[in-house]
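# Architecture at a glance
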Amino acid sequence: MKRRNFAHRPGCAVEATLDLIDGKWKGVILFHLQAGTQRFGELRRRMPGITQRMLTKQLRALEDDKLVIRKVYAEVPPRVEYTLSEIGESLRPVIDTLRAWGEGHQERLSCAPAPEAINAPDRAA
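In the annotation of an unreviewed UniProt entry, the entry for the chain reads Transcriptional regulator, HxlR family, and the organism field reads Bradyrhizobium lablabi.

As structure tokens, this is what we get:
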């Protein structure tokens, strides 16, 4: 994937970082890989909202950006594992901070459970 040139612009470091983890899924993939090496199917199960095509595309982009290492085993059927590279590991504090911020603001975010589902009293008569 061709990267834009952010050099010599205000905020270029922030733009460059966000460009690497842009989109809905890259940060989530990086978060799950923090737990260790994962196979494609494991990642897919952990992210039920992603399509196989999109997961493949995002993993390839992360691999192209040297954030993820893809290891293929010569087996039948082929086994492919993904792990964070050294550069990907260096994003751990960023991903952890994003997670902590999301947890602190979960009530306002669309991924939070609906308030009525949380506050609904049991009406057993």
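Now that the structure has been shown, the text picks up again.
### Structural notes on the sheet that holds strand S1 (residues 38-39)
A sheet is described by the order of its strands in space; here 3 strands give the open sequence S1-S3-S2, paired in antiparallel fashion. Looking along the sheet, the strands with just one partner apiece sit at the ends: S1 and strand S2 (68-73). Sheet topology places S1 next to strand S3 (residues 79-84); 2 bridges connect them, and they run antiparallel. Across the sheet, residue Arg-39 finds its bridge partner in S3, namely Glu-81.

### Re the packing of aromatic side chains
A full pass over the atoms with the stated rule returns 0 aromatic pairs. The ring of Tyr-73 is capped by Arg-79, whose NZ or CZ atom sits 3.7 Å from the centre of that ring.

### Structural notes on the confidence of the model for the chain
Overall, the prediction assigns the chain a mean pLDDT of 84, with 79% of residues at 70 or greater. Low pLDDT (under 50) marks residues 117-125, which in the prediction has 1 contact with non-local residues, meaning those over four places away or in another chain.

### Quick look at the layout of surface pockets
Empty space within the largest pocket amounts to approximately 580 Å³. Around the largest pocket sit 15 residues that line it, and Gly-27, Val-28, Leu-98, Arg-99 and Gly-102 are the ones nearest its centre. For the lining of the largest pocket, the secondary structure elements donating two or more residues are helix H2 (26-33) and helix H6 (92-104). A total of 6 residues in the lining of the largest pocket trace back to one element, the largest contributor, which is H6. In the lining of the largest pocket, the residues fall into 8 nonpolar, 4 polar and 3 charged.

### Quick look at the nonpolar core
If you look at the biggest cluster of nonpolar residues, it comprises 18 residues, and the most contacted ones within it are Ile-29 and Leu-30. Every element with two or more residues in this core is listed here: H2, helix H4 (52-64) and S3. If we ignore the near neighbours within four places in the chain, the residues touching Leu-30 are Ile-21, Leu-62, Leu-67, Val-68, Leu-84, Leu-91 and Ile-95.

### A few points about the side chain of Glu-81
Here Glu-81 lies in strand S3. Side chain to side chain, Glu-81 and Tyr-73 meet in a polar contact 3.0 Å long. With residues up to four places along the chain from it excluded, the contact list for Glu-81 reads Thr-37, Gln-38, Arg-39, Ile-69, Arg-70, Lys-71 and Tyr-73.

### Side note on H4
In an α-helix, one full turn covers 3.6 residues, which means residues spaced three or four apart are oriented alike. When the terminal C-alpha atoms of H4 are compared, their 18 Å separation across 13 residues agrees well with the 18 Å that a helix rising 1.5 Å per residue should span. Listed in full, the buried residues belonging to H4 are Leu-55, Gln-58, Leu-59, Ala-61 and Leu-62. What you see down the axis of H4 is that its buried residues fit within an arc of 160°, all on one side. Across from the buried face of H4, at angles greater than 90 degrees, the exposed residues are Arg-53 and Arg-60. Packing partners of the buried residues in H4 comprise helix H1 (12-20), H2, helix H3 (40-46), S2 and S3. Just past H4, the residue Lys-66 takes up positive phi, approximately 65°.

Procedures and definitions
Once a new chain begins, its residue numbering starts again from 1 and follows that chain's sequence as written. Thresholds applied to this predicted model are a pLDDT of at least 70 for local features of residues and 80 or more for the giving and counting of side-chain atom pairs; totals over whole chains, interfaces and linings are not thresholded and use all residues. For side-chain calculations, the full set of non-hydrogen atoms in the structure is used, while hydrogens and water are omitted. Pairing between strands is defined by DSSP: at least two bridges between them are needed. Secondary structure elements follow DSSP: runs of H or I no shorter than four residues count as helices, runs of E no shorter than two count as strands, and numbering proceeds from the N terminus. Pairing of aromatic side chains requires ring centres within 6.5 Å, counting the rings of Phe and Tyr and the six-membered ring of Trp. Pairs whose planes differ by under 30 degrees are stacked, by over 60 edge-to-face, and all others tilted. When the NZ atom of lysine or the CZ atom of arginine is within 6 Å of a ring's centre and also within 35 degrees of its normal, the charge is said to sit over that ring. Residue-level confidence of the predictor is summarised by pLDDT, bounded by 0 at the bottom and 100 at the top. Here a residue-residue contact requires only that any non-hydrogen atoms of the pair lie within 4.5 Å. Definitions used throughout: a 1 Å grid over protein atoms alone; a cavity as a set of points that fits a 1.4 Å probe which cannot get out; a pocket as an open set with protein on both sides within 12 Å along at least five of seven lines; a lining residue as one with an atom within 4 Å of a point. Grid points are joined across faces, edges and corners, and a volume is the space filled by probe spheres set on the points. The nonpolar class holds Ala, Val, Leu, Ile, Met, Phe, Trp, Tyr, Cys and Pro. Asp, Glu, Lys and Arg form the charged class, and all remaining residues, Gly among them, are polar. Nonpolar core, defined: a set of buried Ala, Val, Leu, Ile, Met, Phe, Trp, Tyr and Cys residues in which side-chain atoms within 4.5 Å join the residues together. The rule is simple: take the accessible area with a 1.4 Å probe, protein chains only, and divide by the maximum for that residue type; under 20% is buried, over 50% is exposed, in between is partly exposed. N or O atoms closer than or at 3.5 Å make up a polar contact, with two conditions inside protein: a donor-capable atom paired with an acceptor-capable one, and, for residues adjacent in sequence, both atoms drawn from side chains. Multiplying 1.5 Å by the residue count of a helix minus one yields the expected span of that helix. Note that the arc is defined by the directions from the helix axis to the C-beta atoms.

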